[in-house]
Amino acid sequence: MSSLRNAIPRKAHKERAQPQARKRFGLLEKHKDYVARATAFHKKEETLRRLKEKAASRNPDEFYFGMIKSKTVDGVHRPQRKILDISFKKHKLRKKKIEKLTATLHSLDGRPSSKHVYFAEDREEAKEIRSRSSENKMASTSVDIPDYIKRKIASSYRELEARKNRANQLEKIHMDMALQKELQKKGRKRKLREDEIVCPTTKPVFKWRSERKR
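For clarity, every value in this text was computed on a predicted model and none was experimentally measured.

Basis of the calculations
Residues numbered from 1 in each chain as written. Predicted model: local features only at pLDDT ≥ 70, side-chain atom pairs only at ≥ 80, totals over all residues. Heavy atoms only, no water. Helix = DSSP H or I, 4+ residues; strand = E, 2+ residues; numbered from the N terminus. Contact = heavy atoms within 4.5 Å. Patch = residues over 30% accessible without salt bridge, like charges linked within 9 Å, V, L, I, M, F, W, Y side chains within 5 Å. Areas by Shrake-Rupley, 256 points an atom, 1.4 Å probe, with all protein chains shown as cover. Salt bridge = Lys/Arg side-chain N within 4 Å of Asp/Glu carboxyl O. Expected span 1.5 Å × (residues − 1). Buried < 20%, exposed > 50% of the residue type's maximum accessible area, 1.4 Å probe, protein only. Polar contact = N/O pair within 3.5 Å; in protein donor to acceptor, adjacent residues only side chain to side chain. Core = buried A, V, L, I, M, F, W, Y, C linked by side-chain atoms within 4.5 Å.

Engineer: Is there a simple way to think about the overall build of the protein chain in this case?
Structural biologist: Scanning the protein chain from terminus to terminus reveals 5 helices and 4 strands. In the protein chain, the order of α-helices and β-strands from amino to carboxyl end is α-α-β-β-α-α-α-β-β. Taking the intrachain contacts of the protein chain between residues at least 6 apart in sequence as the baseline, contacts between residues at least 24 apart amount to 44%.

Here's what the structure looks like:
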C-alpha cells in the first residue's frame, strides 16, 4: 500500500507569499524568522539592562589598569597589542625567508652552500683533487641556462636584496622601540658622554644606576 500511496502524485504545498499591497516590505516573515529576531532583541535588551545596572552601582573612585591599557575603536574597547613581540616574531620569519631564498639561489647558481675540506697524503694527490674540483666547477658553469630562467634568477636576486634592506631597516626600528620601552621603565639612568663610551657609536647610550633587588 505504501508503494501505491507514493505513486499517486501529491499536491505541492507552497508557502504563503507577501501580499501585493505589502511587496515594499520584502519577503513575508515566517515563524522561524520571528523567533530569531525576538531572540536577538531580548539579548540586546538584557545587555542594556545589565549595563544600566552596572552604571547605577558604579564606584566613581575605582580604577583598573585596563582603563589606561585599552583604547576605544569604533565604540569598542580593545586592549593594546604587544607590538614589540609581534614585530620580533615577524622579523624572525623574514630572516628565515631570506635564508631559504639565499639557499635556493645558491643551488641554482651551482655554488656550494658549504665548503668541503679534502685531506691528501702527498702533493700529487692534492694536485689531483684540485684539478678534479676545478673540472667540476667548469662543468657546472658550462651548462647553458635558458634566458627566461636567467631573468627569473636576476629578479630573485633583486627580491633578495630588497628583502635584506627591509630586514635591516626593520631591525633598526625594532632596536629603537626596545630602547624606548626600556627608557619608560622605572630606575635612575643617565646618558653617557662621548668620552665615556667604550665603543663609539652614533646612537645614544644610557647607563642605569645599579639597584639592590629585594
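Engineer: What exactly am I supposed to notice about a nonpolar patch on the surface here?
Structural biologist: A contiguous nonpolar patch, built from F63, Y64, F65, M67 and I68 and spanning about 590 Å² of accessible area, is present on the exposed surface. Locating Y64 in the fold gives a position in the loop between α2 (31-56) and β1 (70-73).

Engineer: What am I meant to see in the pattern of salt bridges here?
Structural biologist: Oppositely charged side chains can pair when the atoms bearing their charge come close. According to the stated counting rule, one finds 5 salt bridges in the structure shown. Among the ionic pairs, E29 bridges to R37, the shortest N-O distance being 2.8 Å. Taken together, the shared-partner salt bridges connect E46, R49 and E53 into one network.

Engineer: Could you clarify how one ought to interpret helix α5 (residues 147-183) in this entry?
Structural biologist: Because an α-helix completes one turn every 3.6 residues, residues spaced three or four positions apart along the sequence face the same direction. Between its terminal C-alpha atoms α5 stretches 54 Å, which fits the 54 Å expected from 37 residues at 1.5 Å a residue. Turning to α5, its buried residues number three or more, namely I153, S156, L160, A167, H174 and L183.

Engineer: I tried to follow the side chain of Q18 on my own but got confused; where do I start?
Structural biologist: Mapped onto the fold, Q18 is located in the loop between α1 (2-7) and α2. For Q18, the side chain forms a polar contact with the main-chain oxygen of G26, separated by 3.0 Å. Not counting residues within four places of it along the chain, the set of residues in contact with Q18 comprises K23, F25, G26, L27 and L28.

Engineer: Sorry, what's going on with the nonpolar core here?
Structural biologist: Across soluble globular proteins, nonpolar side chains have a tendency to be buried as a group. Counting residues in each nonpolar core, the largest one holds 6 residues, listed as I98, L101, L105, I153, L160 and A167. Ignoring sequence-local partners within four residues, the contact set of L105 consists of I153, S156, Y157 and L160.

Engineer: In this structure, what is going on with the side chain of S156? I would like to understand it.
Structural biologist: Its location among the elements puts S156 in helix α5. Reaching out from S156, the side chain makes a polar contact with the backbone oxygen of K152 at a distance of 2.9 Å. Not counting residues up to four positions away in its chain, the partners in contact with S156 are L101 and L105.

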